[in-house]
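# Coordinate inspection notes
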Amino acid sequence: MKILHIDCSVRNEESDSRQLSGYFLGQLRDKNSDILVDYLDLAVTAPRHPSPLFIEGIYCPPDQRTPEMLEELAESDTLVDRMLDAELYVIGMPMYNFTVPSNFKAFIDNIVRAGRTYRGTSTGIEGVLTDKRAVIINTRGVDFSQEKMASMDQLQPYLKTIFGFIGLTDIHFINVYPVKFSSEELRNKAILNAQKEIAAMVESL
Ligand SMILES: Cc1cc2nc3c(=O)[nH]c(=O)nc-3n(C[C@H](O)[C@H](O)[C@H](O)COP(=O)(O)O)c2cc1C
């Protein structure tokens, strides 16, 4: 199985989302030696934000792109290739200000590409990544179990929408909270529950 493992926390050893995505991969390696892992650390290599030339390039027919456009699109093309090459995405994802970290948003702006990850058809837009699956391990500082907080979540609805747009609808969210602004006891419980959920998920793969 080909896996694209993505982390995006700006923290390193102390990062909960990195530890849990690593735990997922560790469990998977223990169970199945037949896995190939491509690792992408968006905090180390944050994709560039779209530029005017990038935008000109993505909407220009591929055979008419200038060398400058091709150069500007090269990083995006490589990221799309890595997405297309994998069968399963395992993503460690902290919540920042109720949504995804900005490096992950830049990643999205690079991989949502007409003619590559979605295409126009006579019946409308069609996503390409229909045969892929994703596991998103989303750590949050606050307790989101109450409706008042749950309604402020702009991360899960956003990811469902944008990944759905490019055909990726088989997404399993493992939401881990509260890991920060609460008691040590609740934090430990949240991490333990996430590890159990990950183990069960890996078992089912
Ligand atoms: C810039 C920033 C913004 C954050 N915003 C939120 C938030 O909106 N909601 C929340 O529950 N936690 C928020 N947190 C807490 C993180 O989501 C939480 O600590 C998470 O586990 C961090 O992931 P990491 O340990 O992998 O770095 C924020 C943390 C940072 C650094």
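Here the structure is shown first, and the text comes after it.
In this report, we go over the structure that sits alongside the text.

### Looking at empty space enclosed by the protein
Tallied over the entire structure, the rule returns 1 cavity of 30 Å³ or more. Quantified by volume, the largest cavity comes out at close to 50 Å³. Along its surface, the largest cavity is lined by Arg 48, His 49, Pro 50, Ser 51, Phe 54, Glu 72, Glu 75, Ser 76 and Asn 110. Split by residue class, the lining of the largest cavity holds 2 nonpolar, 4 polar and 3 charged.

### A closer look at the pattern of salt bridges
Inspection of the entire model under this criterion finds 13 salt bridges. Two residues, Asp 38 and Arg 82, come together in a salt bridge whose shortest N-O distance is 2.9 Å. Here Asp 38, found in strand 2 (residues 36–41), pairs with Arg 82, found in helix 3 (residues 67–85); they are 44 residues apart in sequence, far enough to count as distant. For Arg 82, a relative accessible area of 24% translates into the label partly exposed. Of the charged contacts in the structure, one is a salt bridge between Arg 48 and Glu 72, with a shortest N-O distance of 3.9 Å. Taken as a pair, Arg 48 in the loop between strand 2 and helix 2 (52–58) and Glu 72 in helix 3 lie far apart in primary sequence, 24 residues in all. Classification of Arg 48 by relative accessible area gives partly exposed; the value is 45%. Each of Asp 77, Asp 81, Arg 113 and Arg 116 takes part in a single network of salt bridges with overlapping partners.

### Thoughts on the environment of Val 142
Topologically, Val 142 is positioned in the loop between strand 6 (133–139) and helix 5 (147–150). In the structure, Val 142 is positioned 47 residues away from Met 95 in sequence and 9.7 Å away in space, judged by C-alpha atoms. The residues contacting Val 142, other than those within four sequence positions of it, are Met 149, Tyr 177, Pro 178 and Phe 181.

### Looking at the site of the ligand
In the vicinity of the ligand, 17 residues are found, and the nearest of them are Ser 9, Arg 11, Ser 15, Ser 17 and Met 95. Here an oxygen atom of the ligand and a side-chain polar atom of Arg 11 are 2.7 Å apart. With respect to the ligand, the backbone of Val 142 contributes an N or O atom lying 2.9 Å from an oxygen atom. Of all the cavities here, the one that holds the ligand is the largest pocket.

### Structural notes on the packing of aromatic side chains
A ring pair, where both rings are aromatic, is described by two values, the distance of the centres and the angle of the planes. In total, this model carries 5 aromatic pairs according to the counting rule given. Look at Phe 104 and Phe 107: their rings are 5.3 Å apart centre to centre, the planes differ by 50°, and that puts the pair in the tilted class. With a gap of 3 residues between them, Phe 104 and Phe 107 both fall in helix 4 (residues 102–111), about one helical turn apart. With respect to class, Phe 104 is no different from Phe 107; both count as buried. Ring centres 4.8 Å apart and planes at 55° place the aromatic pair Tyr 118 and Phe 165 in the tilted group.

What counts and what doesn't
Residues numbered from 1 in each chain as written. Predicted model: local features only at pLDDT ≥ 70, side-chain atom pairs only at ≥ 80, totals over all residues. Heavy atoms only, no water. 1 Å grid on protein atoms, 1.4 Å probe; cavity = no way out; pocket = protein on both sides within 12 Å on 5 of 7 lines; lining within 4 Å. Points joined across faces, edges and corners; volume = space filled by probe spheres on them. Nonpolar A, V, L, I, M, F, W, Y, C, P; charged D, E, K, R; others polar. Salt bridge = Lys/Arg side-chain N within 4 Å of Asp/Glu carboxyl O. Helix = DSSP H or I, 4+ residues; strand = E, 2+ residues; numbered from the N terminus. Buried < 20%, exposed > 50% of the residue type's maximum accessible area, 1.4 Å probe, protein only. Contact = heavy atoms within 4.5 Å. Near = heavy atom within 4 Å. Polar contact = N/O pair within 3.5 Å; in protein donor to acceptor, adjacent residues only side chain to side chain. Sits in = over half its atoms within 2 Å of the grid points. Phe/Tyr/Trp six-rings, centres within 6.5 Å; stacked < 30°, edge-to-face > 60°.

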